[in-house]
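# Working through the structure, step by step
So you can see what is in the structure, the chains are spelled out below.
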Amino acid sequence: PLPQVHSLQELRRSASLATKVFVQRDYSDGTTCQFQTKFPPELESRIERQLFEETVKTLNGFYAEAEKIGGSSYLEGCLACATAYFIFLCMETHYEKVLKKISKYIQDQNEKIYAPRGLLLTDPLERGMRVIEISIYEDRCSSGSSSSGSSSSSSGGGGGGAGGR
Amino acid sequence: MSVMVARKKVVRKWEKLPGRNTFCCDGRIMMARQKGIFYLTLFLILGTCALFFAFECRYLAVQLSPAIPVFAAVLFLFAMATLLRTSFSDPGVIPRALPDEAAFIEMEIEATNGTVPQGQRPPPRIKNFQINNQIVKLKYCYTCKIFRPPRASHCSICDNCVERFDHHCPWVGNCVGKRNYRYFYLFILSLSLLTIYIFTFNIVYIALSKAVAGGLGLLSGHSQSLTVLTVLEVLICFFTLWSVVGLTGFHTFLVALNQTTNEDIKGSWTGKNRVQNPYSHGNIVKNCCEVLCGPLPPSVLDRRGILQQEESTAQEGSCPRGPGTQEPPAMQGPGQAQEGHSVLSLQVPVPTVSNAEMPEEKQRTPGELPVPSLDAGRAEL
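Positions within a chain are numbered from 1, following the residues in the order the chain's sequence is written. Numbering of ligands from 1 and lettering of chains from A proceed in the order in which they are written. Given that the model is predicted, a residue must reach a pLDDT of at least 70 before its local features are reported, and side-chain atom pairs must reach 80 or more before they are shown or counted; all residues, however, enter totals for whole chains, interfaces and linings. Side-chain calculation: all heavy atoms of the structure are included, whereas hydrogens and water are not.

## Focus: the packing of aromatic side chains
Here a Phe, Tyr or Trp ring, Trp counted by its six-membered ring, pairs with any other such ring whose centre lies within 6.5 Å, and the pair is stacked when the planes are under 30 degrees apart, edge-to-face when over 60, and tilted otherwise. Applying the stated criterion to the full structure yields 19 aromatic pairs over all chains. Each ring, one from Phe35(A) and one from Tyr63(A), has its centre 5.9 Å from the other, and the planes form 55°; the classification is tilted. One end of the pair, Phe35(A), is in the loop between β1 (17–24) and α2 (49–66); the other, Tyr63(A), is in helix α2, and 28 residues separate them in sequence. Residue classification places Phe35(A) among the buried residues on the basis of a relative accessible area of 1%. Following the ring pairs from residue to residue traces out a cluster consisting of Phe199(B), Phe238(B), Phe239(B) and Trp242(B). What counts as a helix is a DSSP run of H or I of at least four residues, what counts as a strand is a run of E of at least two, and both are numbered from the N terminus. Accessible area is worked out with a 1.4 Å probe on protein chains only. A residue is then buried under 20% of its type maximum, exposed over 50%, and partly exposed in between.

See the structure below:
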């Protein structure tokens, strides 16, 4: 795990931040949390369009799942109401569970796909669900090779870009 | 020689949040600045119910049924729980944009509209047309430097943008928005029922005790003073009835149509040339279900996250959390009791974003279960 920690932290320390891109929300489907899949021009040279779109689409899928209105969400709502919402002291809401999944997914994506390309995704939760912030780091020879080398193994190590343990 | 012990004072993010909110219990409770009317609400509810339980209930439980005070107690507890939830929770505040993000958006605006010459005011409302499948107009908030989501509005009293902004309610001392609308609705509903209940049984009490006293041929001094209290309760209930029951009816109407007070006042969806409410499902039951029992998004303000401090040992990020570690709101948070020198620098960790301003992680309100350690590494980013 330790080499992976270093890969992302090294990226932040040794590489210098060139710029940031902010992927905005897509409100065409109402107020549900969805992000635009439009490919930012700044990422043109850094990552394949398809990978980026894949990431955003998966994230959109997660958020849709969190906000899904259906039988289970009603049940949760009614149960919570019946207990005067005290049940939230011991139970996690469905939304929170999905947010945890999202955090893990983003960490995973960072480790596998984005860090080797000198990019870093920030969990939208840390930006008030307004944007997906993508930090673009300048390529420096030393950090570039070391980070790509050590990030080959999977499983989310600590210190991941979007937080989480 | 005295040694300066630099005891770290834990500074949590709520202390640096912009906006005009008050925070209590080390960030667990979030309210508007003006709380006077909220205290009045509390006083009225607690006072009337105390009188009811102390006097009328004792008589009625014996004469009629012991279920009467039990049911009243249930209603009272539910009303208080929902009131406190409404007042203390985050209504759905949208955190302000970080400098990077604000700059990026401004660049985009300038690219679309052309640069505004120095010294001239920009056009009053900048609207962003997002054409994915339909045209959506978003308004730009100059204070928060963001494009507001649809249905969001900026509350001038709290100086925050709030999602699905309904209104700012001085009676609960907080804004009513996406996250606490259902609590607000349940509060006014249960308060209506409670008021009607107390009103009815006070009338019954007066009728019964007058009948008994009339039968005995006298009205003792003791029962006279009790009747005065009863009449006082009846008066309070009467005036409350007119306002709260009316309000409940109005909000039931709004819920059935999936509208907010804000939209209703502005007439967003009414009128000949206006679009029909796109958020309504067209079905009353479905609308009610969505508004009252829909999924509850967690707060994105990380009120209790720890701001990064100079000493690197403080980089653990947010406070340790876990299932069931919610303390009751009355408890003092650990940060409040600490004294000593605080060596706090809200530094900008190179090369990334400053988290000195605009912190916006998710947050727990009292009673909500925190997601453990989602932001553990956040402080250092």
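## Some details on the environment of Cys161(B)
Residue and element names in this part refer to chain B. As for its placement among the helices and strands, Cys161 is situated in strand β8 (residues 160–162). As a C-alpha pair, Cys161 and Ile146 span 15 residues in sequence and 9.2 Å in three-dimensional space. Setting aside its immediate chain neighbours within four residues, Cys161 contacts Gly92, Val93, Ile94, Cys141, Cys144, Arg148, Ser153 and His154. Whether two residues are in contact is decided by their heavy atoms, any of which lying within 4.5 Å being enough.

## Focus: the packing of helix α1 (residues 36–63) of chain B against helix α2 (residues 67–88) of chain B
Residue and element names in this part refer to chain B. Between α1 and α2, whose axes approach to 10 Å, the crossing angle comes to 170°. Compared by their axis directions, α1 and α2 come out roughly antiparallel. Touching Phe38, Leu42, Ile45, Leu46, Cys49, Phe52, Phe53, Cys57, Leu60 and Ala61 of α1 are Ile68, Pro69, Ala72, Ala73, Phe76, Met80, Leu83, Leu84, Ser87 and Phe88, all from α2. Three classes are used, and their members are as follows: Ala, Val, Leu, Ile, Met, Phe, Trp, Tyr, Cys and Pro are nonpolar, Asp, Glu, Lys and Arg are charged, and the others, Gly among them, are polar. Each residue belonging to the contact of α1 with α2 can be placed in one class, and the counts come to 19 nonpolar, one polar and no charged. The axes used here are C-alpha line fits, helices contributing only the stretch in contact, and every angle between their N-to-C directions lies in the interval 0 to 180 degrees. Should an angle lie under 35 degrees it is considered roughly parallel, over 145 roughly antiparallel, and from 65 to 115 roughly perpendicular; all remaining angles are considered oblique.

## Overview of the nonpolar core
We define a nonpolar core as any set of buried Ala, Val, Leu, Ile, Met, Phe, Trp, Tyr and Cys residues linked to one another through side-chain atoms lying within 4.5 Å. Ile45(B), Leu83(B), Tyr181(B), Phe184(B), Phe187(B) and Leu194(B) are the most contacted members of the largest nonpolar core, which totals 41 residues. Looking at this core, the element that brings in the most residues is helix α4 (residues 181–216) of chain B, giving twelve residues. Excluding residues that lie within four positions of it along the chain, Phe184(B) makes contacts with Thr86(B), His167(B), Cys169(B), Val172(B), Val176(B), Leu247(B) and His251(B). Residues Phe39(A), Phe52(A), Tyr114(A) and Ile134(A) belong to the second largest nonpolar core, which totals 29 residues.

## Section: the domain arrangement of chain B
Residues and elements named next belong to chain B. Domain borders in the structure are assigned automatically or taken from a domain database. Annotation of chain B at the domain level lists domain 1 (13–94 + 169–293) and domain 2 (99–115 + 122–167). Counting residues at the interface gives 27 residues for domain 1, matched by 19 residues for domain 2. Here, a salt bridge means any Lys or Arg side-chain nitrogen found within 4 Å of an Asp or Glu carboxyl oxygen. Connecting domain 1 to domain 2 are two salt bridges. Between Glu263 and Arg151 there is a salt bridge, and its shortest N-O distance comes to 2.9 Å. Polar contacts, as counted here, are pairs of nitrogen or oxygen atoms within 3.5 Å of one another; within protein the pair requires one atom able to donate a hydrogen and one able to accept it, and residues that are adjacent in sequence qualify only if both atoms are side-chain atoms. Remark: the boundary between domain 1 and domain 2 carries 14 residue pairs in polar contact (both at pLDDT 80 or more). Class assignment of the residues belonging to the side of domain 1 that touches domain 2 gives a composition of twelve nonpolar, eleven polar and four charged.

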